[in-house]
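If you want the building blocks of each chain, they are given just below.
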Amino acid sequence: MDVKAVLSGICMCMALQACSQNTFSPRKYPFPIPLEAPPVVTMQELAEAQAEERKRMLGDPYMGKAVLTVDLRELPDDAWCFPLPKAKVISPYGNDRSSHRHSGVDLKTHANDTIRAAFDGIVILSQHYAGYGNCVILRHGNGLETLYSHNSKNLVVVGQQVSVGHPVGLTGRTGRATTEHLHFEVRVGGQHYNPNVLFDYHTRKLRHNMLTFTKGGGVKVE
């Protein structure tokens, strides 16, 4: 199977669909659009290519290397979303708790507010999960994982592919929580990091930096 031809066909289909919906943007679809007719791609080849991409997304984010680099410097505004628009921080990352340090950031607006996917991704967990209560975890193509918990209701299921900004849950107080809010985490390979490396809490904007994560912990911001 000619993987290059298959991927080219997928890109063409995505671009044509976007054009038909008047949502095409060369910033969101930075691949070149060939002038000639795209190669013929069978449904089997398309399914195989999608399965390979899914396998890559769910595998080791470090891909056998010691570090993972996530370059956000040129990421367009329509490719990211602050998970809880208009929220304020009520408990920051690393805040001392009675038995542990806070592994994420707590964001609050009001009960049953819509929680949104930070990036395009695939749902790898959607269930009640111990002290997290109703919890959703997304795996993203750049290797990051984002976690959304204490939800009053999860709106996605395991295996579902979601687009940036897609509703993943509603804010609640399930699990160990004293008020309705979103507990938001950023992880790589199961290791949590300060979400502040991704988002500025005051402006609710993405930090356009290059992040280098090291296995076992540690992140370099450039």
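One can find the structure itself at the top, above this paragraph.
These remarks concern the structure in this document. (Residues numbered from 1 in each chain as written. Predicted model: local features only at pLDDT ≥ 70, side-chain atom pairs only at ≥ 80, totals over all residues. Heavy atoms only, no water.)

Quick word on the overall build of the chain
Summing up its helical and strand segments, the chain has two helices and 16 strands in all. Put simply, the chain has 222 residues, and 41% of those count as buried. Put simply, 61% of the contacts in the chain that link residues at least 6 apart link residues at least 24 apart. (Helix = DSSP H or I, 4+ residues; strand = E, 2+ residues; numbered from the N terminus. Buried < 20%, exposed > 50% of the residue type's maximum accessible area, 1.4 Å probe, protein only. Contact = heavy atoms within 4.5 Å.)

Some points on the packing of aromatic side chains
Where two aromatic rings form a pair, the distance of their centres and the angle of their planes describe that pair. Counted according to the given criterion, the structure contains six aromatic pairs. Geometrically, the ring pair formed by Tyr129 and Tyr132 is stacked, given 5.6 Å between the ring centres and 10° between the ring planes. Ring plane angle 50° and centroid distance 5.5 Å describe the contact between Tyr148 and Phe184, whose orientation is recorded as tilted. Of this pair, Tyr148 sits in strand 7 (residues 145-151) while Phe184 sits in strand 11 (residues 182-188), placing them 36 residues apart in sequence. Residue Tyr148 is classed as buried on the basis of its relative accessible area, which comes to 0%. With a relative accessible area of 2%, Phe184 lands in the buried category. Each member of the aromatic cluster is reached from another via a ring pair, and the members are Trp80, Phe82, Tyr148, Phe184 and Phe199. (Phe/Tyr/Trp six-rings, centres within 6.5 Å; stacked < 30°, edge-to-face > 60°.)

Considering the nonpolar core
What tends to happen in soluble globular proteins is that the nonpolar side chains get buried as a cluster. Core analysis: the largest hydrophobic core is formed by 34 residues, its most contacted members being Tyr148 and Phe213. Breaking this core down by element, the ones donating at least two residues are strand 1 (67-71), strand 3 (105-108), strand 6 (134-139), strand 11 and strand 15 (210-214). Looking at which element gives the most residues to this core, the answer is strand 11, with four residues. Setting aside residues no more than four positions away along its own chain, Phe213 makes contact with Tyr62, Ala66, Val67, Leu68, Val70, Leu144, Val188, Tyr193, Gly218 and Val219. Leu125, Tyr132, Ile137 and Leu147 belong to the second largest nonpolar core, which has five residues in total. (Core = buried A, V, L, I, M, F, W, Y, C linked by side-chain atoms within 4.5 Å.)

Here's the deal with the pairing of strand 11
The buried fraction of strand 11 amounts to seven of the seven residues, a majority that puts the element mostly inside the structure. Here strand 11 shows a buried face lined by Leu182, Phe184, Val186 and Val188 and a second buried face lined by His183, Glu185 and Arg187. Inspection of the sheet shows strand 3 paired to strand 11 by three bridges, in the antiparallel sense. In the sheet register, Leu107 faces strand 11, and the bridge partner there is Leu182. Relative to strand 11, strand 7 runs antiparallel, the two sharing five bridges. By the bridge assignment for strand 11, Ser149 is matched with His183. By the bridge criterion, three bridges tie strand 11 to strand 12 (residues 191-193) in an arrangement that is antiparallel. Among the inter-strand pairings, Val188 is bridged to a residue of strand 12, identified as Gln191. (Pairing = 2+ DSSP bridges.)

A short note on the sheet that holds strand 1
Spatially, three strands are ordered 1-15-16 in an open sheet, and the strand pairing comes out antiparallel. Looking at strand neighbours, the two that pair on one side only are strand 1 and strand 16 (219-221), the edges of this open sheet. The sheet shows a mean angle of 15° between the axes of neighbouring strands, taken without regard to direction. Pairing geometry for strand 1 and strand 15, over five bridges, is antiparallel. Note on strand 15: the bridge partner recorded for Asp71 is Met210. (Axes fitted to C-alpha atoms, helices over the stretch in contact; angles between N-to-C directions.)

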